[in-house]
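The chain contents come next:
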Amino acid sequence: MKKYSFIVSALMIVVVLLSAAVPAFAAPDVVTLGFLAPITGACSAEGSAARNAFMMAIDEANASGEYPYTINVIVIDDQSDPTVGAAGAQKIVSDPTVVAATGHWNSGVAAATSPVFMENEIPFLIWGAIREDLTSEKTYPWVTRSAPTDVQENKPLAKTVIDDLGYTKIFMVSTTDSYGSGNTVAFKKELASRGLEPVGVEEVQSETVDFNAIVTKIVSSGAEAVYWGGVNTEGVYLKEQLYNAKADVLFFGISGIKTDDFLIIGKEAAEGTFAVQPGVRLDSSEAGRKFIEDYESRGFDVAINAYTPYAYEAATILLQALKTLGDDPTPEKMVDAIAKGTFHGVMGETTFDEIGQTTLVAVNLNVIQDGQWVYYEDSEYASGVRKFGGKE
Amino acid sequence: MNFFTSLVFSAILLGCTYTLVAIGYCLFFGVLDVVVFCSGDIAIFGAFSIISAYVMLYDLGLFQVLPIAVTTMIILAVAALLCALLSILTYRVSIKPFERSSALMPLLSTIALGTVIREFLGLLFRPLLMTITGPITRVADPINITSGRNPQAMPKLIAPNSSIDVRNYIIIAVTFLIILLLFLFLNKTKMGLSMQAISQNKELAYMNGINVRKTINITFVIGGIMLAIGGFLLGSYQSVVRFDTGSLYGSKGFSAAVVGGLKSIWGAIIGGMLLGFVEVFVSGLIPGGTQYQNIIAFLVVIVFIVFKPEGILGEKVIEKV
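This is a predicted model, so every value here is computed, not measured. (Residues numbered from 1 in each chain as written. Chains lettered and ligands numbered in written order. Predicted model: local features only at pLDDT ≥ 70, side-chain atom pairs only at ≥ 80, totals over all residues.)

**Side note on the overall build of chain B**
Part 1 of the reasoning: For chain B, the count of helices and strands is 12 helices and 4 strands.
Part 2 of the reasoning: Taking all 321 residues of chain B together, the buried fraction comes to 50%.
Part 3 of the reasoning: Contacts in chain B between residues at least 24 apart in sequence constitute 75% of all its contacts with a sequence separation of at least 6. (Helix = DSSP H or I, 4+ residues; strand = E, 2+ residues; numbered from the N terminus. Buried ≥ 20, exposed ≤ 12 C-beta atoms within 10 Å, placed from the backbone. Contact = placed C-beta atoms within 7 Å.)

This is the structure we're talking about:
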């Protein structure tokens, strides 16, 4: 009897030990990704479209049956506010099932959340914040970025406006925040490299609504073109007030204004606005056309904006990295899978350089024609039917 | 228009926007001795009410049938009614309960109410409007009703077919007309004189048979209507309104009212214009000066508070101890 009870006890111990050990060998039921964007607030058009695109990719992945677990997403609305973003990042890192996160359209918010992810050793992929110093040797390999930097956007914009279109008298207006000051530095460098100086430089605080004094200055400076180094939140007021003052200038900027929210001032006031947009032309590839079709078929109330494909691309990168790790992804494995991987998405092939910056740098040019954003090369401005302001 | 005249014109227009909000502060402070800090938010609520009324009229098909002057008057009436209700609500919810408390309490509660108004616009503007009108996303160029947190296009109701200069002249003229009407109301009508009596001495006004409660309510109705017109004019001037600009207009309008003398309507004009001129000229005349315009404008406010705390047209109060 004593012998049997010993065997039963030994068996019970084995069963207990085995049952404790089983989860370590089995695939987790849920793997979580963090997603951060300004879903409400002044930049909500960009943020909510990005959220839609990101979730579209995740839903497709979950439905495909290719992953041995359910992919869960913690969506954080950062409201374009660094403190709200940092609190959201804390929420993400405190979830033990999180293996990676991606976020932000606003550089200031990305600068606030990157340290949180680095300290907690969660790989963080930036999909839409473009200030150059967000990726560096110090942040590598924990922080990577699949979008081009402000420098990479300003370069082709300067080439087109100055070298190709021939504008040399340029008045620069930017916001004093992290995004605007990064653009001021980047575009000034472009001018300096061509031996030019801006005819005027003004910096305004975020949320400025009255630009009339600056407009008067622009008109009297003899500027042919106005460079706007901010987002549409304030840029839309400047463009409207330039139009009201009948200022004969080209209004141009980087991707912060390439949003449908810029069109609310009406087709006359917005006409001829010129903006660079990161990425390849979506309609030029099969994958890009499918993305547009899928997004539009879902009936979202926000249209595809400049960085919407980048949010989709970020999802693709994270999903492809997850796939390489089989059924046991961890943050430690994900960091290398992202930083050293090669990914194929709607933008083409993405790899990351030695500071975690994407090597895929592509931009396209856009102009507002009759109240719609159209690709520059398809527009009547490129064919010569219409002329930009500031030129005879 | 040359450089200097253009700056002066911009300064007058900006000054008008500050003055309209500053008058709201003066009116409320005059009667109750409280600072209603959400005045700027009530004005922005007025601008959003204009957009809502415009969309509703468009949805009903009235906009296409009636002359624009008539529809504009209907839209203004709707906005004035909504702002008057909000103004009365402000009094009932965040001022009246604190009548016997320190002056800090209504100040704090109106700041809090300002946040509530902003968030209400940001979160509920579109869903509420869509509930009334149905799923309209694009009414007419450029009105495109998106989330309340996005910038909204203001309907072009003031001289829509004329040049921008004409529109701006009308905005300036209407601002001064409103101030004149308010001045006449305060000085030539029984109700206006009652308001002034309460402003000077509430107890004595009671003893003289003035219905103080009714007068206070009417003051908030008139204040609400004034702020609705203020929101309409500043929205028409900027062409774009954002839900969160109420606090900016509130702080600028309050500063203008303090500089001018909190109980004086003419002081509000002087204060509003002073701020407008300082901001525009710092931005327009100093190269790269725009980033300093708010610093300098508020420094001017501080200098006035230090050297003339009663305001430019305010009366010095000497209390005998």
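**Re the overall build of chain A**
Part 1 of the reasoning: Broken down by element type, chain A carries 12 helices and 14 strands.
Part 2 of the reasoning: Overall, chain A is about 105 × 35 × 35 Å in size when its C-alpha atoms are taken along their principal axes.
Part 3 of the reasoning: A total of 392 residues make up chain A; the buried ones form 54% of that total.
Part 4 of the reasoning: Partitioning the intrachain contacts of chain A with sequence separation of at least 6 by distance along the chain shows that 70% fall at a separation of at least 24.

**Here we look at the interface of chain B and chain A**
Part 1 of the reasoning: Listed as interface residues are 29 residues of chain B and, on the opposing side, 32 residues of chain A.
Part 2 of the reasoning: Elements that contribute at least two residues to the side of chain B that touches chain A include exactly α1 (3-32), β3 (152-153) and α11 (265-285) of chain B.
Part 3 of the reasoning: In terms of residue count, α1(B) provides more of the side of chain B that touches chain A than any other element does, 5 residues in total.
Part 4 of the reasoning: Each residue belonging to the side of chain B that touches chain A can be placed in one class, and the counts come to 11 nonpolar, 16 polar and 2 charged. (Nonpolar A, V, L, I, M, F, W, Y, C, P; charged D, E, K, R; others polar.)

**Some thoughts on the domain arrangement of chain A**
Residue and element names in this part refer to chain A.
Part 1 of the reasoning: Each assigned domain of chain A is listed here: domain 1 (30-148 + 282-360) and domain 2 (151-278 + 365-378).
Part 2 of the reasoning: Taking the mean C-alpha position of each, domain 1 and domain 2 sit 28 Å from one another.
Part 3 of the reasoning: If you look at the interface, domain 1 gives 18 residues, while domain 2 gives 16 residues.
Part 4 of the reasoning: At the level of secondary structure, the elements contributing two or more residues to the side of domain 1 that touches domain 2 comprise α2 (44-64) and α4 (107-119).
Part 5 of the reasoning: Considering each element in turn, the side of domain 1 that touches domain 2 owes the most residues, 3 residues, to α4. (Domains from an automatic or database assignment.)

**Concerning the sheet that holds strand β5 (residues 143-145) of chain A**
Residue and element names in this part refer to chain A.
Part 1 of the reasoning: Here we have 5 strands laid out as an open sheet, ordered β2-β1-β3-β4-β5, and parallel in their pairing. The open sheet has two free edges, formed respectively by β2 (70-77) and β5, since each of these has just one partner strand. For this sheet the average axis-to-axis angle between neighbouring strands, irrespective of direction, equals 20°.
Part 2 of the reasoning: In this structure, strand β4 (residues 124-126) lies alongside β5, joined through 3 bridges in parallel fashion. Its bridge partner lying in β5, F124 is registered against V143. (Pairing = 2+ DSSP bridges. Axes fitted to C-alpha atoms, helices over the stretch in contact; angles between N-to-C directions.)

**Some details on the packing of helix α2 (residues 39-60) of chain B against helix α10 (residues 246-260) of chain B**
In a pair of packed helices, the angle between the axes and the distance between the axes together describe the arrangement.
Residue and element names in this part refer to chain B.
Part 1 of the reasoning: The N-to-C vectors of α2 and α10 enclose an angle of 130°; their axes lie 7 Å apart at closest approach. The orientation of α2 relative to α10 falls into the category oblique. In terms of crossing hand, the pair formed by α2 and α10 is right-handed. Taking contact as the criterion, the partners of S39, G40, D41, A43 and I44 in α2 are, on α10, G246, S247, L248, Y249, G250 and G253.
Part 2 of the reasoning: In the contact of α2 with α10, the residues fall into 4 nonpolar, 6 polar and 1 charged. (Parallel < 35°, antiparallel > 145°, perpendicular 65-115°, else oblique. Left-handed = near helix turned anticlockwise from the far one by under 90°.)

**Observations concerning helix α8 (residues 232-244) of chain A**
Residues and elements named next belong to chain A.
Part 1 of the reasoning: Helix length check: α8, at 13 residues, gives a terminal C-alpha distance of 18 Å against a target of 18 Å (1.5 Å per residue), a fit within 8%.
Part 2 of the reasoning: Buried residues dominate α8, accounting for 12 of its 13 residues.
Part 3 of the reasoning: Turning to α8, its buried residues number three or more, namely N232, T233, E234, G235, V236, Y237, L238, K239, E240, Q241, L242 and Y243.
Part 4 of the reasoning: K246 occupies a position one or two residues after α8 and carries a positive phi of about 55°. (Expected span 1.5 Å × (residues − 1).)

**Quick look at the pairing of strand β7 (residues 200-204) of chain A**
All names here are of chain A.
Part 1 of the reasoning: β7 sits mainly inside the fold: 4 of its 5 residues count as buried.
Part 2 of the reasoning: Taken together, the 5 bridges between strand β6 (residues 170-175) and β7 define a ladder with parallel strand orientation. Each bridged residue has a counterpart across the sheet, and for V173 the counterpart in β7 is E202.
Part 3 of the reasoning: Viewed along the sheet, the connection from β6 through helix α6 (residues 178-193) into β7 turns out right-handed. (Right-handed = clockwise from strand over helix to strand, strands pointing away.)

**A word on the sheet that holds strand β10 (residues 274-278) of chain A**
Residues and elements named next belong to chain A.
Part 1 of the reasoning: Spatial strand order, β7-β6-β8-β9-β10-β13-β14: 7 strands in an open sheet with mixed pairing. The open sheet has two free edges, formed respectively by β7 and β14 (372-375), since each of these has just one partner strand. Neighbouring strand axes in the sheet, compared pairwise and without regard to direction, differ in orientation by 25° on average.
Part 2 of the reasoning: When strand β13 (residues 363-369) meets β14, the two strands line up antiparallel, connected through 4 bridges. Note that in β14 the partner of Q369 across the bridge is Q372.
Part 3 of the reasoning: Set on the sheet, helix α5 (residues 150-164) makes contact with β8 (225-229), β9 (250-253), β10 and β13; between it and β10 the angle comes to about 145°.
Part 4 of the reasoning: Contacting β6, β7 and β8, α6 runs over the sheet at an angle of about 160° to β6.

**With respect to the packing of α11(B) against helix α12 (residues 293-307) of chain B**
All names here are of chain B.
Part 1 of the reasoning: Axis separation between α11 and α12 bottoms out at 9 Å; the angle between their running directions is 145°. With respect to the hand of their crossing, α11 and α12 are arranged in right-handed fashion. Every residue of α12 that contacts α11 at L275, V278, E279, V282 and S283 is listed here: Q293, I296, A297 and V300.

**Focus on α4(A)**
All names here are of chain A.
Part 1 of the reasoning: Between the first and last C-alpha of α4 there are 19 Å, a value that for 13 residues agrees with the 18 Å anticipated at 1.5 Å per step.
Part 2 of the reasoning: The largest bend along α4 measures about 25° and falls at T113, with the proline P115 one to four residues further on.
Part 3 of the reasoning: Within α4 the residues assigned to the buried category are S107, V109, A110, A112, T113, S114, V116 and F117.
Part 4 of the reasoning: The inward-facing, buried residues of α4 abut β1 (30-37), α3 (82-93), β3 (98-103), β4, β5 and α6.
Part 5 of the reasoning: E121 sits one or two residues past α4 and shows a positive phi near 55°. (Bend = angle between axes of the 7 residues up to and from the residue.)

**Concerning the pairing of β8(A)**
Residues and elements named next belong to chain A.
Part 1 of the reasoning: In terms of burial, β8 is a largely internal element, 5 of the 5 residues being buried.
Part 2 of the reasoning: Residue alternation in β8 divides its side chains into two sets, A225, Y227 and G229 and V226 and W228, and both sets are buried.
Part 3 of the reasoning: Looking at chain direction, β6 and β8 are connected through 5 bridges and run parallel. Its bridge partner being in β8, M172 is matched across the sheet by Y227.
Part 4 of the reasoning: Two elements, β8 and β9, share 4 bridges in a ladder whose sense is parallel. Along β9, the bridge assignment pairs W228 with G253.
Part 5 of the reasoning: Read as a crossover between parallel neighbours, the route from β8 over α8 to β9 is right-handed.

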